[in-house]
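For reference, the chains in residue letters:
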Amino acid sequence: MIVEAFSKMPDKRLIVIGDGPDIDKARRAAGPNVEILGYQDNDALRTKIAHARAFVFAAEEDFGIIPVEAQACGTPVIAFGKGGSLETVRGLDQSAPTGVHFHEQSTEAIIEAVKLFEEKDTKLPRRIASPTPRSFPRKNLETP
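Structure report, in brief. Predicted model only: the values in this text are computed from it and were never measured.

With that settled, consider the side chain of Q71. Position of Q71 among the secondary structure elements: in helix 4 (residues 65-72). Reaching out from Q71, the side chain makes a polar contact with the backbone oxygen of T88 at a distance of 2.9 Å.

Written as structure tokens, this is what we have:
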């Protein structure tokens with residue numbers, strides 16, 4: 001879905017890292033602006049994420065560590081607005097936003113989110129600060 005969306009935006013560049021079960025499908029859908037690197041070690045992955053303009057995350061997960069890791073690298077996130085991403089990625093409607101949410105898992109929704117990200121670029125810092133415990137409400141840090 002992400003590869004398909006970027007293939008419809010030939011003026012944007014997408015780098016795909018990983019070798020999951022859909023990698024062959026991604027390769028078939030990739031346009032000339034999409035580079036599929038496959039598996040990369042942690043150092044290469046961290047470097048690529050840290051130098052990215054944004055990290056795109058389309059999965060619905062209870063937590064989803066990858067968007068958190070992208071933000072820890074200082075990279076804003078364009079994320080599916082369900083599940084854990086709603087709590088870990090601060091959208092444009094929040095103070096100190098760290099990314100943009102899209103609310104449907106479709107190529108069209110990703111394209112619109114990328115456009116919104118670029119339009120609202122001035123509201124998003126080029127490099128976000130890594131969160132510290134002080135940036136989370138105390139109730140989120142306490143155990144039951």
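Once the structure has been displayed, the description carries forward.
This paragraph deals with the nonpolar core. Among the nonpolar cores identified, the biggest contains 23 residues, and F6, V34, I78, F102 and I110 are the most heavily contacted of them. Sort the elements by how many residues they give to this core and helix 6 (residues 107-119) lands first, with 6 residues. In this structure F102 touches F57, A58, I78, A79, F80, G81, A109, I110 and A113, once residues within four positions along its chain are discounted. By size, the runner-up hydrophobic cluster in this structure holds 7 residues, among which are I49, F57, V77 and A79.

Here the focus is helix 4. Along an α-helix, a turn takes 3.6 residues, which lines up residues three or four apart on a common side. For helix 4, every residue scored as buried is listed here: P67, A70 and Q71. Each buried residue of helix 4 lies within a common arc of 95° when the element is viewed along its axis, so the set occupies one face. Looking at the buried side of helix 4, the elements it contacts are helix 3 (42-50), strand 3 (55-57), strand 4 (77-80) and helix 5 (85-88). One or two residues past the end of helix 4 sits G74, with phi positive at roughly 90°.

Criteria and thresholds
Residues numbered from 1 in each chain as written. Predicted model: local features only at pLDDT ≥ 70, side-chain atom pairs only at ≥ 80, totals over all residues. Heavy atoms only, no water. Helix = DSSP H or I, 4+ residues; strand = E, 2+ residues; numbered from the N terminus. Polar contact = N/O pair within 3.5 Å; in protein donor to acceptor, adjacent residues only side chain to side chain. Core = buried A, V, L, I, M, F, W, Y, C linked by side-chain atoms within 4.5 Å. Buried < 20%, exposed > 50% of the residue type's maximum accessible area, 1.4 Å probe, protein only. Contact = heavy atoms within 4.5 Å. Arc of directions from axis to C-beta.

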